[in-house]
Amino acid sequence: MSAQTWAREFVHRQRRGAELFLLILSLVVGIGGYAAVGIGVEQKVPADIVGYGGWLAVLIIGAHIVVRFVAPYADPVLLPLVAMLNGLGLAVIRRLDLAAGATQNDGFAKQQLIWMTLGVVLFAGTLIGLRDHRIMQRFTYTSGLAAVVLLLLPMLPGIGKDINGARIWIHVGPLSFQPGELAKVLLVIAFAGYLVLHRDALALAGRRVAGIDLPRGRDLGPILAMWLISLMILVRQSDLGSSLLFFGLFVIMLYVATERRGWIIVGGGLFLVGAVAAAKLISHVSARVDIWLHPFNHYQTTAGPHSDQLVESMFGMAWGGLLGRGFGNGSPYRISYANSDFIIGAIGEELGLATVLAVILCYGLIVERGLRTAIICRDDFGKLLSVGLASSFALQVFVVVGGVTRLIPLTGLTTPFLSYGGSSLVANWVIVALLLRISDQARRPLPDLSFSASDEATQVVKLP
Amino acid sequence: MSELTLFLIRIAFLAILWIFVLSAVSVVRSDMFGARVSDGAATASPRAAKKSKKQPKPAKPRRGAPTHVLVVEGRSQGERADLSKAPILIGRGADAAIVLDDDYVSTRHARIASSGDQWFVEDLGSTNGTYIGSVRINQPTAIAIGTRVRIGKTILELRK
């Protein structure tokens, strides 16, 4: 009742002006970063700064205009945060391109900008094409099935391919794509639709142990199935990151849907069993754990696992200190794959702890906006969907940044919006579009259906 | 490029970045506390009064617009109410515009009202809920001609 009163009393403002202001600031960060890279590395402002800046500005302002027209009540902070992270990522990737000796027209930054264009187009398409997020509830099982098919695609001989020990890519002609990124979005939709329907049964309490109600044994089916799927991804595709992400997502959404702490205990227990078994039995995983615990034992070794990537990144971050070396004065190119897995290490070296903290704060804000959307959302499916999408960011950032800073063993996930990687960038733009669509629905004022005065008067007379 | 210039550029970049982050935080903050209270509660009476003044002359229904609600399934099948008397209260109670003889229906169960050209059905906190298709509604939901609204064991539709 109180929640309903609250929803009636407060009307969210559209705040599109605030969004535009923040977007312009984010453009200054993105284009300023690009200019600073040129000045730092080549001692001159890059020749294509106008073309580059113009392209970035068109993309960002275009996204803003789409939001203004089709989702006027959407959250004002999400889009600027994403634009800022994307712009910063482009500048850092450009810096690494220059170190690798790429010219203006090739290199990863150029490709990343093309992927970003595709991402923004899909962002706009999602917002325009999907006017009500509740429609997605109809495709619960379809999207679950599609996600499983996408996850299995890399296993097919012919189109699947091993890259760096993980079998998560598909190649069709000249294009390569990580279907797992798209599967992530579809799985969240499937989880949300499934849990909305079945949460009453899943919330029933079973045995009570140490003050916490454990779920009933017969309800363990879904979580066990999800656990097995995650283990299968781990064993067959050697993809530690995705396996952790999918299982974590399911446990979080299960907990949010049922409000039972027992599920976290069951999920955490299953995770521990899986993690310990994987660390003992799978050589790929046990090497990662060994590198995590003793990175310096494997630095520049000739045989066995080598930890150069992690150690170089730690050297870099230590050298960067609080304010960083400045663009061009560090040597982030010493880290292999600095532009994808270790972009946080490269940022830590040249831009310092101050920037790393700002970046992590931005991710925190993205997650906060997602959870806030879930709180004010009026339908259960939308609530669960936005919790799932927000926690996919939270898990992904925790796993990547935790891996780079040696809090947890390193796993191969991309840093959302910062890292080079087309599939991940495009999928994350679609996730932001979905979050904006839900928040637009949630913040939109309710249609005015108040009873007429005479009706209210009758009610008052009836009261004792 | 001198050392000092590079240092200044570095500091300027960090400053812009943090200005961005802090402005984002301040927008979040104003979003939390700055939402204005809707005029629903404070100015309810003048607006309602204006509405009741308007009510005696219902607007001429547009072509293609629904004119009445019809019970199409259930024990009260065939019962109807004119949409010109909106909002229409549906329930088991005597004050409802459509009185349903159905044990699964609450006294004041749901109502149908319009906002602009659009008709909405809203659940009034009933025990068994109001459904559109298989989905239980928990906010005013737009309905069109032929949308089947299920209340207890009864199904209602908007008709022309």
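Given the structure is predicted, the values throughout are model-derived calculations rather than measurements.

Asker: Describe the overall build of chain A, and please don't skip the residues or the numbers.
Answerer: On a plain count of helices and strands, chain A comes out with 17 helices and six strands. Here chain A holds 464 residues, and 49% of them are scored as buried. Considering only contacts in chain A between residues 6 or more positions apart, those separated by 24 or more positions represent 71%.

Asker: For unusual backbone geometry, give the residues involved together with the corresponding values.
Answerer: All names here are of chain A. Positive phi outside glycine occurs at Arg-406, with the angle close to 65°. Tracing the backbone through its elements, the reader meets Arg-406 in the loop between helix 15 (380-404) and helix 16 (422-443). Notably, Phe-417 is not glycine yet its phi reads approximately 70°, a positive angle. By the element assignment, Phe-417 lies in the loop between helix 15 and helix 16. When the 27 C-beta atoms within 10 Å are taken as the criterion, Phe-417 is described as buried.

Asker: Which residues make up the nonpolar core, and what values go with them?
Answerer: Core analysis: the largest hydrophobic core is formed by 133 residues, its most contacted members being Phe-191, Ala-192, Leu-249, Met-253, Val-432 and Leu-436 of chain A. Per element, the largest residue contribution to this core is 14 residues, and it comes from helix 4 (residues 78-99) of chain A.

Asker: Please provide a residue-by-residue account of the confidence of the model for chain A, values included.
Answerer: Of all residues in chain A, 88% attain a pLDDT of 70 or more, and the chain-wide mean is 84. Segment residues 452-464 of chain A: pLDDT under 50, and 10 contacts once partners within four positions in sequence are set aside and those in other chains are kept.

Asker: If you had to explain the pairing of strand 7 (residues 118-123) of chain B to someone new, which residues and values would you point to?
Answerer: All names here are of chain B. In terms of strand pairing, strand 6 (residues 110-115) meets strand 7 through six bridges, oriented antiparallel. Counterpart to Ala-113 in the pairing with strand 7 is Phe-120. Count of turn residues in the strand 6/strand 7 antiparallel hairpin: two residues, of which Gly-116 carries a positive phi of about 70°. Note that strand 7 and strand 10 (residues 141-143) share three bridges and pair antiparallel.

Asker: Pulling in residues and values, what's your account of helix 8 (residues 221-237) of chain A?
Answerer: All names here are of chain A. The end-to-end C-alpha distance of helix 8 is 24 Å, a good match for the 24 Å that 17 residues give at a rise of 1.5 Å each. Along helix 8, the residues classified as buried are Met-226, Trp-227, Ser-230, Ile-233, Leu-234 and Gln-237. Angular distribution of buried residues about the axis of helix 8 spans 140°; they occupy a single face of the element. For helix 8, the exposed residues lying more than 90 degrees away from the buried face are Gly-221, Leu-224 and Ala-225. At the C-terminal side of helix 8, Ser-238 shows a positive phi close to 55°.

Asker: Would you mind going over the pairing of strand 6 of chain B in detail, with residue names and values included?
Answerer: Taken residue by residue, a regular strand's side chains alternate between the two faces of the sheet. Across three bridges, the pairing between strand 4 (residues 88-91) of chain B and strand 6 of chain B is antiparallel. Bridge pairing links Ile-88 of chain B to Ile-112 of chain B in strand 6 of chain B.

Asker: An account of helix 7 (residues 179-202) of chain A is needed here, citing residue identities and associated values.
Answerer: Relative to the 34 Å expected for 24 residues at 1.5 Å per residue, helix 7 of chain A spans just 30 Å between its end C-alpha atoms, considerably shorter than the ideal helical length. For helix 7 of chain A, the buried fraction is high: 17 of the 24 residues fall into the buried class.

Asker: Can you explain the sheet that holds strand 8 (residues 130-132) of chain B? Please cite residues and give values.
Answerer: All names here are of chain B. Reading across from one edge, 3-2-12-11-8-9 is the order of the six strands in this open sheet, with antiparallel pairing throughout. With one partner strand each, in any of the chains shown, strand 3 (80-82) and strand 9 (135-136) form the two edges of the open sheet. Examined bridge by bridge, strand 8 and strand 9 share two bridges and lie antiparallel to one another. In the sheet register, Ile-132 faces strand 9, and the bridge partner there is Val-135.

Asker: Outline the sheet that holds strand 7 of chain B, listing residues and values.
Answerer: Ordered in space as 5-4-6-7-10 (chain B), the five strands form an open sheet in which the pairing is mixed. If you trace the sheet from one side to the other, it starts and ends with strand 5 (98-99) and strand 10 of chain B, each paired once.

Asker: Give a description of the environment of Leu-220 of chain A that names residues and reports values.
Answerer: All names here are of chain A. By the secondary structure assignment, Leu-220 is in the loop between strand 6 (212-215) and helix 8. Given 17 C-beta atoms within 10 Å, Leu-220 falls into the partly exposed group. Spatially, the C-alpha atom of Leu-220 lies 8.6 Å from that of Leu-202, the residues being 18 residues apart in sequence.

Asker: An account of the confidence of the model for chain B is needed here, citing residue identities and associated values.
Answerer: Residue and element names in this part refer to chain B. For chain B, per-residue confidence averages 78 on the pLDDT scale, and 80% of positions sit at 70 or higher. Across chain B, helix 1 (residues 3-33) holds the top mean pLDDT of 89, while helix 3 (residues 44-54) sits lowest at 42. Long-range and interchain partners of residues 39-59, a stretch whose pLDDT sits below 50, account for 16 contacts in this model, where long-range means more than four residues apart.

Asker: Tell me about the packing of helix 6 (residues 140-152) of chain A against helix 7 of chain A, and name the residues and values.
Answerer: All names here are of chain A. Running from N to C, helix 6 and helix 7 cross one another at 150°; their axes reach a closest spacing of 8 Å. By the angle between their directions, the pair helix 6 and helix 7 is classed as roughly antiparallel. Note that helix 6 runs across helix 7; the crossing there is left-handed. Of the residues in helix 7, those touching helix 6 at Thr-140, Ser-143, Gly-144, Ala-146, Ala-147, Leu-150 and Leu-151 are Pro-179, Gly-180, Leu-182, Ala-183, Leu-186, Leu-187, Ile-189, Ala-190, Gly-193 and Tyr-194. For the contact of helix 6 with helix 7, the per-class residue count stands at 12 nonpolar, five polar and no charged.

Conventions we followed
- Residues numbered from 1 in each chain as written.
- Chains lettered and ligands numbered in written order.
- Predicted model: local features only at pLDDT ≥ 70, side-chain atom pairs only at ≥ 80, totals over all residues.
- Helix = DSSP H or I, 4+ residues; strand = E, 2+ residues; numbered from the N terminus.
- Buried ≥ 20, exposed ≤ 12 C-beta atoms within 10 Å, placed from the backbone.
- Contact = placed C-beta atoms within 7 Å.
- Core = buried A, V, L, I, M, F, W, Y, C linked by C-beta atoms within 7 Å.
- pLDDT = per-residue confidence, 0-100.
- Pairing = 2+ DSSP bridges.
- Expected span 1.5 Å × (residues − 1).
- Arc of directions from axis to C-beta.
- Axes fitted to C-alpha atoms, helices over the stretch in contact; angles between N-to-C directions.
- Parallel < 35°, antiparallel > 145°, perpendicular 65-115°, else oblique.
- Left-handed = near helix turned anticlockwise from the far one by under 90°.
- Nonpolar A, V, L, I, M, F, W, Y, C, P; charged D, E, K, R; others polar.

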